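# Tertiary structure, described
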Amino acid sequence: ELTDSVEDALERGVHVVMVVAREDGSRLARHTASRLRNEVVERFRRAGGERFHIFHLEQTTGAREQIYVHSKLMIVDDCYASIGSANFNGRSMTNDTEIEIGVVDEDLVDITIDGKPARVCKFAHDLRIRLWAEHFECPADSLRDPIKAIDKIWHDERPEDARRAKPHHVSIGIFNIDPIAEDITTLITEHLISIPFIKLPEG
């Protein structure tokens, strides 16, 4: 449902910038996560084309170590900011315990969005600018207009030296082990096979 909503927004002409972790968890979890992420990203690329951007963060020391993104943050139109613990998945929307704060600020500022005058909320606007300036090590004043800033800095063709944000390309393996894992899970839940109980030594 979450993917459907973002896909619909992209088809309506909305610009979407996503910042994600470069890689996640264990090798097994990473394989499944990468396949699912690839499916979602491909849907967004088809729906949004040049209006969809996805990046991950790396250290600028030259070691190419990832800056692990674990924050859950969404900023919409410089008017609404959502900060919390919910992940982009069904579990967070159903049975996981999550907490979220949504901020719509009464302190308004006048900016332009794609060159057109707009009145936005100061908190969401300032938060977006601070983050983008940090990711790209560029002056805040060049980021006031979000659409012009997207065209200027959130583009794959931009030189990548001395910046944290890198274009994110999802890599998936040749073999898809998900059906095997699903079959094993089904066999266990249907009691068609059993996992032997192994007693561990003391300590």
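Here's what I pulled together on the structure shown here. None of the values given here were measured: they were computed from a predicted structure.

## Structural notes on the layout of surface pockets
- The space that makes up the second largest pocket amounts to roughly 190 Å³.
- If you go around the second largest pocket, you meet 12 residues; those closest to its centre are Arg22, Glu23, Ser34, His168 and Ser171.
- Per-class residue counts for the lining of the second largest pocket are two nonpolar, five polar and five charged.

## Structural notes on a nonpolar patch on the surface
- A contiguous nonpolar surface patch, about 320 Å² in accessible area, is contributed by Leu73, Ile83, Ile101 and Phe123.
- Turning to its location among the elements, Phe123 is positioned in helix H4 (residues 122-136).

## Some details on the nonpolar core
- Membership of the largest hydrophobic core comes to 15 residues, with the highest contact counts inside it found for Leu57, Trp132, Phe136, Leu143, Ile153 and Ala165.
- Judged by nonpolar contacts, the second largest core, of nine residues, contains Leu10, Val16, Val41 and Phe44.

## Some thoughts on the packing of aromatic side chains
- Going through the model one piece at a time under the given rule, you end up with two aromatic pairs.
- Seen from their ring centres, Phe44 and Phe52 are 5.4 Å apart, and the 65° between their planes marks the pair as edge-to-face. Comparing Phe44 with Phe52, the two get one shared label, buried.
- Centroid distance Phe55 to Phe136: 6.4 Å. Interplanar angle 80°. Geometry classified as edge-to-face. In this pair, Phe55 is assigned in strand E2 (residues 52-58) and Phe136 in helix H4, connecting sequence segments 81 residues apart.
- Here Phe136 falls in the buried class, since its relative accessible area comes to 1%.

## A closer look at the environment of Val76
- As for its placement among the helices and strands, Val76 is situated in strand E4 (residues 72-76).
- Overall, the relative accessible area of 32% leaves Val76 in the partly exposed class.

## Some details on the pairing of strand E8 (residues 116-121)
- By the bridge criterion, six bridges tie strand E7 (residues 108-113) to E8 in an arrangement that is antiparallel. If you follow Leu108 over to E8, its bridge partner there is Cys121.
- The hairpin formed by E7 and E8 contains two residues between the paired strands, and Asp114 there has a positive phi angle of roughly 55°.

## Remarks on H4
- With 15 residues, H4 should reach 21 Å at 1.5 Å per residue; the first-to-last C-alpha distance of 21 Å fits that figure.
- Every buried residue belonging to H4 is among Ala124, His125, Leu127, Arg128, Ile129, Trp132, Ala133, His135 and Phe136, and all of these are buried.
- The first or second residue beyond H4 is Glu137, which carries a positive phi of 50°.

## A closer look at the pairing of E2
- Counting buried residues along E2, seven of its seven residues qualify, which places the element largely inside the surrounding structure.
- Burial along E2 is two-sided: Phe52, Ile54, His56 and Glu58 facing one way and His53, Phe55 and Leu57 facing the other are all buried.
- Of the strand pairs in this sheet, strand E1 (residues 16-20) and E2 are connected by five bridges, and their pairing is parallel. Across the sheet, residue Val16 finds its bridge partner in E2, namely Phe52.
- Summarising the sheet, E2 and strand E9 (residues 165-167) pair through three bridges and their orientation is antiparallel. Across the sheet, residue Phe55 finds its bridge partner in E9, namely Pro167.
- Sheet topology places E2 next to strand E3 (residues 66-67); two bridges connect them, and they run antiparallel. For Glu58, the partnering residue across the bridge sits in E3 and is Gln66.

Rules of the game
- Residues numbered from 1 in each chain as written.
- Predicted model: local features only at pLDDT ≥ 70, side-chain atom pairs only at ≥ 80, totals over all residues.
- Heavy atoms only, no water.
- 1 Å grid on protein atoms, 1.4 Å probe; cavity = no way out; pocket = protein on both sides within 12 Å on 5 of 7 lines; lining within 4 Å.
- Points joined across faces, edges and corners; volume = space filled by probe spheres on them.
- Nonpolar A, V, L, I, M, F, W, Y, C, P; charged D, E, K, R; others polar.
- Patch = residues over 30% accessible without salt bridge, like charges linked within 9 Å, V, L, I, M, F, W, Y side chains within 5 Å.
- Areas by Shrake-Rupley, 256 points an atom, 1.4 Å probe, with all protein chains shown as cover.
- Salt bridge = Lys/Arg side-chain N within 4 Å of Asp/Glu carboxyl O.
- Helix = DSSP H or I, 4+ residues; strand = E, 2+ residues; numbered from the N terminus.
- Core = buried A, V, L, I, M, F, W, Y, C linked by side-chain atoms within 4.5 Å.
- Buried < 20%, exposed > 50% of the residue type's maximum accessible area, 1.4 Å probe, protein only.
- Phe/Tyr/Trp six-rings, centres within 6.5 Å; stacked < 30°, edge-to-face > 60°.
- Pairing = 2+ DSSP bridges.
- Expected span 1.5 Å × (residues − 1).

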